[in-house]
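Breakdown of the fold
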Amino acid sequence: MICIGIDISKDKHDCLISNSDGDILFDNFTFSNSLEGFELLFSRIQSCSDNFSQMKIGLEATGHYSNNITEFLVNKNLPIFIINPLHTSLYRKSLSFRKTKTDKADVHSIVSMLMTQKLTPYVPVSYHRKELKSLTRYRFNLVQDCSVLKVSFSRLMNIIFPELEKIVHQLQVNSVYQLMSAYPDAAAVSNANLTHLTNLLRKYSKGHYGREKAIEIRNAAMQSIGTSDGILKLEMQQTIARIRLLREQISIVEVRIKDIIKESDSPFITIPGISYITAAMIHAEVGDFSNFSSAEKILAFAGMEPSIYQSGQYTSTHAKMVKRGSKYLRYALFTAAKNVGKWDNTFKEFLQKKLSEGKHYNVAVSHVAKKLVRTLYSMEIHHTAYSK
């Protein structure tokens, strides 16, 4: 068996090639993160053996930096093993008391793990699954960015026109965005033409606000303690413009996500409370459910399993969630658990049971998430829809 360890970085990669007897075939060498560098790596692999089935290529899961080299090796029909960087770090530390962290040490650890550890081979995902993962993560980041801007908008409103929050149903709605975009401070609102103000509110609130609300808002603006200047007004208008842009981008991405989920005929959306977006995030992050031998392995992958601390006669009863794993999957499962605990009677009763035991709401929701994962796992493995 020939073991090939690759340490991934941004501009270059380090590699070590050894056989199972420990003989070094190619000592630590560096190749560039380019087609020329990839071809150099492949030529050295070929010079070792033409029998790719007797090879193991290990590399760490280092985010997007490993995408291109992984795709190249997959297209060459080479057997790949993707290793969790935490696993590599702990393995390296177990070999020596010295605090040593270099690319050379990392690549030696990877080769050693290929020889001694039972690792799961990498299975290329389908194009739809890869697209779904990119889309759901991109949407997640867009939503996070939009949330930051909404906080900034609320801050500006507290400075410019603090009275408005008590007059309208909520600040983060289209009618308020349109109002503050057209009239970016209290002084501008107080001087607004009543007819124009009424028409603007009626149009963008879809009829919920009319002339009476326009009068109330304008009167509040006349008595407002808010302060403003040119910079604050500019920041207000640009913040609203960026929120609108992000919301448009999120809508476009969500349409594509829904199309993919509909094409895949996901059974998860048959569960009350699980939306197309949440179902998409779960599918994208978990991938092929058959790669996991149990639902508990998926919980561990999401970092939702409890930590365990036991020493001698002592066993901790206040175990915290590990939170090592896919933060996107953890977010999706926690969101799904909260929603099914609200809309599905079975999960609602289970949530209330945990709350009645004195558990904190978030702890109770985590128990619902565990029950939900077992349900999702069974549905996916047996290809069945949800049944109460």
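Preceding this section is the structure that the text describes.
All of these numbers come straight from a predicted model, not from anything done at the bench. (Residues numbered from 1 in each chain as written. Predicted model: local features only at pLDDT ≥ 70, side-chain atom pairs only at ≥ 80, totals over all residues. Heavy atoms only, no water.)

**Re unusual backbone geometry**
Phi at lysine 206 is positive, roughly 55°, even though this residue is not glycine. With respect to the element layout, lysine 206 can be found in the loop between α9 (194-204) and α10 (211-222). For histidine 383, which is not glycine, the phi torsion reads 55° and is therefore positive. As for its position among the elements, histidine 383 is in the segment after α16 (361-382). Residue classification places histidine 383 among the exposed positions, given a relative accessible area of 69%. (Helix = DSSP H or I, 4+ residues; strand = E, 2+ residues; numbered from the N terminus. Buried < 20%, exposed > 50% of the residue type's maximum accessible area, 1.4 Å probe, protein only.)

**A short note on the sheet that holds strand β1 (residues 2-7)**
Overall, mixed pairing links the five strands, which are arranged β3-β2-β1-β4-β5 in an open sheet. Looking at the sheet topology across the chains shown, the edges are occupied by β3 (24-32) and β5 (80-83). Averaged over all pairs of adjacent strands, the angle between their axes in this sheet comes to 20°, without regard to strand direction. Relative to β5, strand β4 (residues 55-60) runs parallel, the two being bridged by four bridges. (Pairing = 2+ DSSP bridges. Axes fitted to C-alpha atoms, helices over the stretch in contact; angles between N-to-C directions.)

**Description of the packing of aromatic side chains**
Per the counting criterion, the structure on display carries twelve aromatic pairs. A centroid spacing of 6.5 Å and a plane angle of 70° characterise the contact between phenylalanine 31 and phenylalanine 38, whose relative ring orientation is edge-to-face. As far as the burial class goes, phenylalanine 31 and phenylalanine 38 line up, both buried. Considering the side-chain rings of phenylalanine 140 and tyrosine 328, the 5.1 Å spacing of their centres and the 80° angle between planes classify their relative orientation as edge-to-face. Of this pair, phenylalanine 140 sits in helix α5 (residues 127-160) while tyrosine 328 is found in helix α14 (residues 327-343), placing the two residues 188 residues apart along the sequence. A single burial state applies to phenylalanine 140 and to tyrosine 328, both of which are buried. An aromatic cluster of at least three residues, connected via ring pairs, comprises Phe26, Phe29, Phe31, Phe38, Phe42, Phe52 and Phe72. A cation over an aromatic ring shows up here: lysine 262 above the ring of tyrosine 276, its NZ or CZ 5.6 Å from the ring centre. (Phe/Tyr/Trp six-rings, centres within 6.5 Å; stacked < 30°, edge-to-face > 60°. Lys NZ or Arg CZ within 6 Å of the ring centre and 35° of its normal.)

**Side note on the side chain of histidine 13**
Within the element layout of this structure, histidine 13 appears in strand β2 (residues 12-19). You can call histidine 13 buried: its relative accessible area is 0%. Looking at histidine 13, its side chain comes within polar contact range of the side chain of asparagine 33, at 3.2 Å. Not counting residues up to four positions away in its chain, the partners in contact with histidine 13 are Ile6, Asp7, Ile8, Phe29, Thr30, Phe31, Asn33, Phe38, Tyr65 and Ile69. (Polar contact = N/O pair within 3.5 Å; in protein donor to acceptor, adjacent residues only side chain to side chain. Contact = heavy atoms within 4.5 Å.)

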